[in-house]
Amino acid sequence: LMGNVAGTDWEMPIMLAAMYGLRISEALGLRWTNVDMEEGTFAVVEQLPHKIPAGMTVITEMAPVKGKGADGSGERVLPITEAARPYFQRQLDLQARQKSLAVSSGTAYYDNQLVIANPNGSPRRRDRVSADFGQLIRRLETPHIRFHDLRHSAATNLHALTGDFYTVGMLLGHSLKGVCIQLGISTNMEAMTANYVDVRLERKKIVLDTYHNALHPKPMSEDGA
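Residues numbered from 1 in each chain as written. Predicted model: local features only at pLDDT ≥ 70, side-chain atom pairs only at ≥ 80, totals over all residues. Heavy atoms only, no water.

Colleague: Help me get a handle on the packing of helix α2 (residues 11–20) against helix α6 (residues 148–162), residues and values and all.
Modeller: Packing of α2 against α6 leaves a shortest axis separation of 6 Å and a crossing angle of 35°. Residue-level contacts link Ile 14, Ala 17, Ala 18 and Tyr 20 of α2 to Leu 150, Arg 151 and Ala 154 of α6. Looking at the contact of α2 with α6 residue by residue, the class counts come to six nonpolar, no polar and one charged. (Axes fitted to C-alpha atoms, helices over the stretch in contact; angles between N-to-C directions. Helix = DSSP H or I, 4+ residues; strand = E, 2+ residues; numbered from the N terminus. Contact = heavy atoms within 4.5 Å. Nonpolar A, V, L, I, M, F, W, Y, C, P; charged D, E, K, R; others polar.)

Okay, structure coming up:
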């Protein structure tokens, strides 16, 4: 799927959902003001409201993110891995070209600072993206999935590759109990929480790197390294 959408408008939303497990509203509500390319992090602190009117060009108020992190906080700061950085950079370059084209042609550009937006900068509607994703899947003739299933895939793959369901919960913005239920894990939540009182950015990066590098294996050099 990711190979088929490379270089298209679908690349960034699918990457955020499939590689980071963002919910559709979180992906559509991510703003560049919450992305730090220099530090290599982005914060999931707001999301696009569930219902925005058709034709809306300027978004003045975001909705709070759903739920809290596995540690009980509402803060989700995620590392931009080496594999994910090119996606962010391509999106930055694309939007710079779109804005430049709008200015040179005298058409309106609505700079909402959204990482994922329409070519004129206006917000993309959640219901429209969900419906269009279904059409994309049919056109590619791949097995039917919903956009939200990309988040489930991220959760399953992250856990399968690392076994670190506490960090996975932090990445997804799930409670510890919630991620265990989703992954079908039965355990003593209180005992496990006592063993994992904090998850540093370094640990998040290790877990994400494991998954992202599996998706983007580096080509082998001529000497086999």
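What follows picks up the thread again.
Colleague: Can you explain α6? Please cite residues and give values.
Modeller: If you check α6, its first and last C-alpha atoms are 22 Å apart, about what 15 residues at 1.5 Å a residue would give, namely 21 Å. Considered for burial, the residues of α6 that qualify are Asp 149, Leu 150, Arg 151, Ala 154, Ala 155 and Leu 158. The positive-phi residue at the C-terminal boundary of α6 is Gly 163, with phi of around 70°. (Expected span 1.5 Å × (residues − 1). Buried < 20%, exposed > 50% of the residue type's maximum accessible area, 1.4 Å probe, protein only.)

Colleague: So what's going on with the sheet that holds strand β1 (residues 35–36)? Which residues, and what values?
Modeller: Within the open sheet, the three strands sit side by side as β1-β2-β5. Their pairing is antiparallel. Two strands in the sheet have a free side with no partner beyond their single neighbour: β1 and β5 (77–79). Alignment of strand β2 (residues 41–43) against β5, held across three bridges, turns out to be antiparallel. By the bridge assignment, Thr 41 is partnered in β5 with Pro 79. Packing against the sheet, helix α10 (residues 201–215) makes contact with β2 and β5, and its axis sits at approximately 50° to β5. (Pairing = 2+ DSSP bridges.)

Colleague: Give me the packing of aromatic side chains: which residues, what numbers.
Modeller: Taken as a whole and assessed by the stated rule, the structure comprises four aromatic pairs. Plain terms: the ring middles of Trp 10 and Phe 133 are 5.8 Å apart, the flat faces sit at 65° to each other, and that makes the pair edge-to-face. Taken together, the positions of Trp 10 in the loop between α1 (2–5) and α2 and Phe 133 in helix α5 (residues 126–140) put the pair 123 residues apart, joining distant regions of the chain. Accessibility assignment for this pair places Trp 10 and Phe 133 in one class, buried. Ring centres of Tyr 20 and Phe 42 lie 5.0 Å apart, and the angle between their planes is 80°; on these two criteria the pair is classed as edge-to-face. Of this pair, Tyr 20 sits in helix α2 while Phe 42 sits in strand β2, placing them 22 residues apart in sequence. Members of the aromatic cluster, joined through ring pairs, are Trp 10, Phe 133 and Phe 147. The aromatic ring of Tyr 87 is capped on one face by Arg 90, whose charged end is 4.9 Å from the ring centroid. Directly above the ring of Trp 10 sits Arg 124, whose terminal nitrogen or CZ lies 5.6 Å from the centroid. (Phe/Tyr/Trp six-rings, centres within 6.5 Å; stacked < 30°, edge-to-face > 60°. Lys NZ or Arg CZ within 6 Å of the ring centre and 35° of its normal.)

Colleague: Account for the packing of α6 against helix α7 (residues 165–172), naming residues and giving values.
Modeller: At a minimum axis distance of 9 Å, the contact between α6 and α7 shows a crossing angle of 155°. Judged on the interaxial angle alone, α7 and α6 are roughly antiparallel. Crossing geometry of α6 relative to α7 is assigned as right-handed. Residues Arg 151, Ala 155, Leu 158, His 159 and Thr 162 of α6 pack against Phe 165, Val 168, Leu 171 and Leu 172 of α7. Along the lines of polarity and charge, the residues of the contact of α6 with α7 split into six nonpolar, two polar and one charged. (Parallel < 35°, antiparallel > 145°, perpendicular 65-115°, else oblique. Left-handed = near helix turned anticlockwise from the far one by under 90°.)

Colleague: Describe the pattern of salt bridges, and please don't skip the residues or the numbers.
Modeller: Applying the stated criterion to the full structure yields ten salt bridges. Between Arg 125 and Asp 127 there is a salt bridge; the shortest N-O distance is 2.9 Å. Judged by relative accessible area, which is 45%, Asp 127 ranks as partly exposed. Salt-bridge contacts for Asp 209 lead to Lys 205; the nearest nitrogen and oxygen are separated by 2.7 Å. Of the two residues, Asp 209 and Lys 205 are both situated in helix α10; the distance of four residues between them amounts to about one turn of the helix. The exposure class assigned to Asp 209 is buried, which follows from its relative accessible area of 16%. (Salt bridge = Lys/Arg side-chain N within 4 Å of Asp/Glu carboxyl O.)

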